[in-house]
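A closer look at the structure
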Amino acid sequence: MKYYKKLVGERIYLSPMNVEDAEIYVKWLNDFAVTDAIGTSNRVVSLEGEREWLSQNSSQSQFAIIRAEDDKLIGNCGIQAIDQSRQCAEVGLFIGDEENRNKGYGQDVLNTLLNYGFNYLNLNNIMLKVFSFNEGAISCYKKVGFKEIGRRRQSYYLKGKFYDDVFMDILREEFHQLNK
């Protein structure tokens, strides 16, 4: 089996990343439909560079998002900037192909990551950053329980327009309250 069920959600599971998937990631990470939303459209990702990144980060809290029904890779996610002494971290995710977006996978991924972060990594505060134009993602994050905590105004320039960075977070007690 190419993927391993490290963290299991309702319709997805999170697996350690595979270097063999580098070509798929390179396709996504050079697609403006993906990179505009994650703020990396100014970068060019090469196959060699992506293989190196996957090799270096595969044992971190970075995961391949696998659709459970057919074991298909649909995206990537992770918990970064983990600060154990402050019990806080950041999360991020993307769904690669358009056909898998707006189907609830992101919400499932976040709930799975938050469960891991709060119950296994002993975190108390998990935050994320999203761009103000990404209303679908903001709606998803709110459904999971994230709350807006601030904005950095006009800090992201894309296609001739400025957008805000929107910072959101959730506390362990809030997550547990929503998931009783």
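Residues numbered from 1 in each chain as written. Predicted model: local features only at pLDDT ≥ 70, side-chain atom pairs only at ≥ 80, totals over all residues. Heavy atoms only, no water.

**Re the overall build of the protein**
Our working definition: Every helix listed is a DSSP run of H or I at least four residues long, and every strand listed is a run of E at least two residues long, numbered separately from the N terminus. Restricting the calculation to C-alpha atoms gives the radius of gyration, and the globule rule supplies 2.2 Å times the number of residues raised to the power 0.38. Summary of the burial criterion: residues with accessible area below 20% of their type's maximum are buried, those above 50% are exposed, and those between are partly exposed, where the area comes from a 1.4 Å probe applied to protein chains only. Any two residues having at least one pair of non-hydrogen atoms within 4.5 Å are treated as being in contact. Here the accessible surface of atoms and residues is derived via Shrake-Rupley with a 1.4 Å probe, and residues count as covered only by protein chains that are part of the display. When charges are counted, neither His nor the chain ends are considered; positive counts come from Lys and Arg and negative counts from Asp and Glu. Working definition for charges: the position is that of NZ of Lys, CZ of Arg, CG of Asp or CD of Glu.
Check the secondary structure of the protein and you find six helices and eight strands. In sequence order, the protein lays out its α and β elements as β-β-α-α-α-β-β-β-α-β-α-β-β-α. Relative to its length of 180 residues, the protein is compact, with a C-alpha radius of gyration of 16 Å against a globular reference of 16 Å. By principal-axis analysis of the C-alpha atoms, the protein measures approximately 45 × 40 × 35 Å. Out of the 180 residues belonging to the protein, those deemed buried represent 47%. Sequence-distant contacts, at least 24 apart, represent 60% of the contacts inside the protein between residues at least 6 apart. For the protein, the accessible surface area stands at approximately 10000 Å², while carbon and sulfur atoms represent 45% of it. One finds the centroid of the 23 positive side-chain charges in the protein at a distance of 4 Å from the centroid of its 25 negative side-chain charges.

**Observations concerning the state of the cysteines**
Selection rule: The criterion for a disulfide is a pair of cysteine sulfur atoms lying within 2.5 Å.
Within this structure, the stated rule accounts for zero disulfides. Free of any disulfide, Cys77 has its nearest cysteine sulfur in Cys140, 12 Å distant. We classify Cys77 as buried; its relative accessible area is 1%.

**A word on the sheet that holds strand E2 (residues 12–16)**
Short version of the rule: Here a strand pair is declared whenever DSSP counts at least two bridges between the two strands.
If you walk across this open sheet you meet the eight strands as E1-E2-E3-E4-E5-E6-E8-E7, and the pairing is mixed. Lying at the two open borders of the sheet, with one neighbouring strand each, are strand E1 (7–8) and strand E7 (147–158).

**A few points about the packing of helix H1 (residues 22–29) against helix H3 (residues 47–57)**
The line we're drawing: Fitted lines through C-alpha atoms serve as axes, helices being fitted only where they are in contact, and the angles separating the N-to-C directions of these axes extend from 0 to 180 degrees. Should the near helix be turned anticlockwise from the far one by less than a right angle, the crossing is left-handed, and should it be turned clockwise, the crossing is right-handed. Residue type decides the class: Asp, Glu, Lys and Arg count as charged, Ala, Val, Leu, Ile, Met, Phe, Trp, Tyr, Cys and Pro as nonpolar, and the leftover types, Gly among them, as polar.
At a closest axis distance of 9 Å, the pairing of H1 and H3 adopts a crossing angle of 115°. Remark: the crossing between H1 and H3 carries right-handed chirality. For the pair formed by H1 and H3, the contact residues are Ala22, Glu23, Tyr25, Val26 and Leu29 on the first element and Leu47, Glu50, Arg51 and Leu54 on the second. The residue inventory of the contact of H1 with H3, partitioned by class, reads six nonpolar, no polar and three charged.

**A word on the side chain of Asn76**
What counts here: Polar contact is defined as a pair of N or O atoms within 3.5 Å, subject to the rule that within protein one atom must be able to donate a hydrogen and the other to accept it, and that residues adjacent in sequence are counted only when both atoms are side-chain atoms.
Residue placement: Asn76 occurs in strand E4 (residues 72–83). Polar side-chain contacts of Asn76 include one of 3.3 Å to the side chain of Tyr25.

**Quick notes on helix H4 (residues 105–119)**
Within an α-helix, residues lying three or four positions from one another point in the same direction, as the helix has 3.6 residues per turn. Note the cut-off: Helix span, expected: 1.5 Å multiplied by one less than the number of residues in the helix.
Counted at 1.5 Å a residue, the expected span for H4 with its 15 residues is 21 Å, and the 21 Å between its end C-alpha atoms agrees. Most of H4 sits out of view: eleven of its 15 residues are buried. The set of residues buried in H4 consists of Tyr105, Gly106, Asp108, Val109, Leu110, Thr112, Leu113, Leu114, Tyr116, Gly117 and Phe118.

**Considering the packing of aromatic side chains**
Remark: the centre distance and the inter-plane angle together describe each pair of aromatic rings, the angle taken between the planes. Applicable threshold: Only Phe, Tyr and Trp rings take part, Trp by its six-membered ring, and two of them pair if their centres are within 6.5 Å. Stacked means planes under 30 degrees apart, edge-to-face means over 60, and tilted covers everything else.
This structure, assessed with the given rule, holds eleven aromatic pairs. Geometrically, the ring pair formed by Tyr25 and Trp28 is edge-to-face, given 5.7 Å between the ring centres and 80° between the ring planes. Placement of both Tyr25 and Trp28 in helix H1 is noted, with a separation of three residues, approximately one turn of the helix. For the pair formed by Tyr25 and Trp28, the shared burial category is buried. On the basis of an interplanar angle of 85° and a centroid distance of 5.9 Å, the ring pair of Phe63 and Tyr116 is categorised as edge-to-face. Of the two residues, Phe63 is situated in strand E3 (residues 62–67) and Tyr116 in helix H4; the sequence distance between them amounts to 53 residues.

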